[in-house]
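# Fold and contact review
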Amino acid sequence: MNSAQIKALAVFSVFMIIGFGPISPGCLIGMFIVLKRPDWFAKLIGTMYADLPGAAAPGLTYTEEQIRSARRRFFLCLLTLFILDIAPVPVTPVIAFGIILLRPSWFYRAVCGVYGKALTGL
């Protein structure tokens, strides 16, 4: 487990504790990320996936339509999770724990699609 994973797990642990209300902080931050695409998130994901063989593909290129489509899909998924998180059990942090621990390649590719490029860590 690398330092980026440990930091992300710590943040989502806090989100799980404070997420027992009607507002899901993880989803809200996720929607912000999809809309604004901050550099810090791209660096976090690049660092989290840096030690996985074949995860970082520097030659990835995306058309504007592919980027818009990825952003739209991610936003709708996060909106759905936001609605589901109104239930008494937070769903988003549990899903985030799985992604952080398992680091599936589909998630890296999806984030690259949102940003329109391959991601690199610090």
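Attention in this report is confined to the structure presented alongside it.

Cut-offs applied
Along every chain, residues carry numbers that run from 1 in the direction the sequence is written. For a predicted model such as this one, the threshold for reporting local features is a pLDDT of at least 70, and the threshold for listing and counting side-chain atom pairs is 80 or more; totals across whole chains, interfaces and linings nevertheless cover every residue. Note: side-chain values were computed over all heavy atoms of the structure, leaving out hydrogens and water. For the purposes of this entry, the term helix denotes a DSSP run of H or I that reaches at least four residues, the term strand denotes a run of E that reaches at least two, and both are numbered from the N terminus. Burial classification: accessible surface area is computed with a 1.4 Å probe over protein chains only, and a residue below 20% of its type maximum counts as buried, one above 50% as exposed, and the rest as partly exposed. Two N or O atoms count as a polar contact when they lie within 3.5 Å, although within protein this holds only if one can serve as hydrogen donor and the other as acceptor, and sequence-adjacent residues are included solely when both atoms are side-chain atoms. In what follows, residue pairs with any heavy atoms lying within 4.5 Å of each other are defined as contacts. Inter-axis angles, ranging from 0 to 180 degrees, are taken between N-to-C directions of lines fitted to C-alpha atoms, where helices are fitted over the stretch in contact. Working definition: roughly parallel below 35 degrees, roughly antiparallel above 145 degrees, roughly perpendicular at 65 to 115 degrees, and oblique for all remaining angles. Within this scheme, the nonpolar core is defined by two criteria: the residues are buried Ala, Val, Leu, Ile, Met, Phe, Trp, Tyr or Cys, and they are joined through side-chain atoms within 4.5 Å. Throughout this description, the term salt bridge denotes a Lys or Arg side-chain nitrogen within 4 Å of a carboxyl oxygen of Asp or Glu.

With that out of the way, let us pick up the side chain of R103. Counting through the fold element by element, R103 comes out in the loop between α5 (92-102) and α6 (105-115). Overall, R103 belongs to the buried group, its relative accessible area being 14%. A polar atom in the side chain of R103 sits 2.9 Å from the backbone oxygen of M48. A polar contact is formed between the side chain of R103 and the side chain of D51, at a distance of 2.6 Å. Residues in contact with R103, not counting those within four places in the same chain, are N2, Q5, M48, Y49, D51, L52 and G98.

Our focus in this paragraph is the packing of helix α1 (residues 3-18) against α5. Contact geometry of α1 with α5 gives a least axis separation of 10 Å together with a crossing angle of 170°. As the angle between them shows, α1 and α5 are arranged roughly antiparallel. Along its contact with α1, which presents Q5, A8, L9, F12, S13, F15 and M16, the element α5 presents P93, V94, A96, F97, I100 and L101.

Further remarks concern the nonpolar core. Core analysis: the largest hydrophobic core is formed by 23 residues, its most contacted members being I45, Y108, V111, Y115 and L119. For this core, the secondary structure elements donating two or more residues are α1, α3 (39-49), α5 and α6. Those residues in contact with Y115, other than ones at most four positions away along the chain, are I33, R37, P38, F41 and A42. One finds M31, V34, L78 and L81 within the second-largest nonpolar core, a separate group that totals six residues.

All chains considered together, the criterion is met by three salt bridges. A salt bridge links D51 to R103; the nearest nitrogen and oxygen atoms lie 2.6 Å apart. Within this pair, whereas D51 is found in the loop between α3 and α4 (64-84), its partner R103 is found in the loop between α5 and α6, the two being separated by 52 residues in sequence. Exposure remark for D51: the relative accessible area of 48% places this residue in the partly exposed category. Here E65 and R72 are joined by a salt bridge, their closest N and O atoms 3.6 Å apart. If you follow the salt bridges from partner to partner, you end up with E65, R68 and R72 in one network.

Another aspect to go through is the environment of A10. Topologically, A10 is positioned in helix α1. By relative accessible area, which is 43% here, A10 ends up partly exposed. Expressed as a C-alpha distance, the spacing of A10 and F97, which sit 87 residues apart in the sequence, is 9.9 Å.

The next subject is the side chain of T92. Along the polypeptide, T92 turns up in helix α5. Within the local environment of T92, its side chain forms a polar contact with the side chain of D85, the two groups lying 2.5 Å apart. Apart from residues no more than four positions distant in its own chain, T92 is found in contact with S24, G26, C27, L81 and D85.

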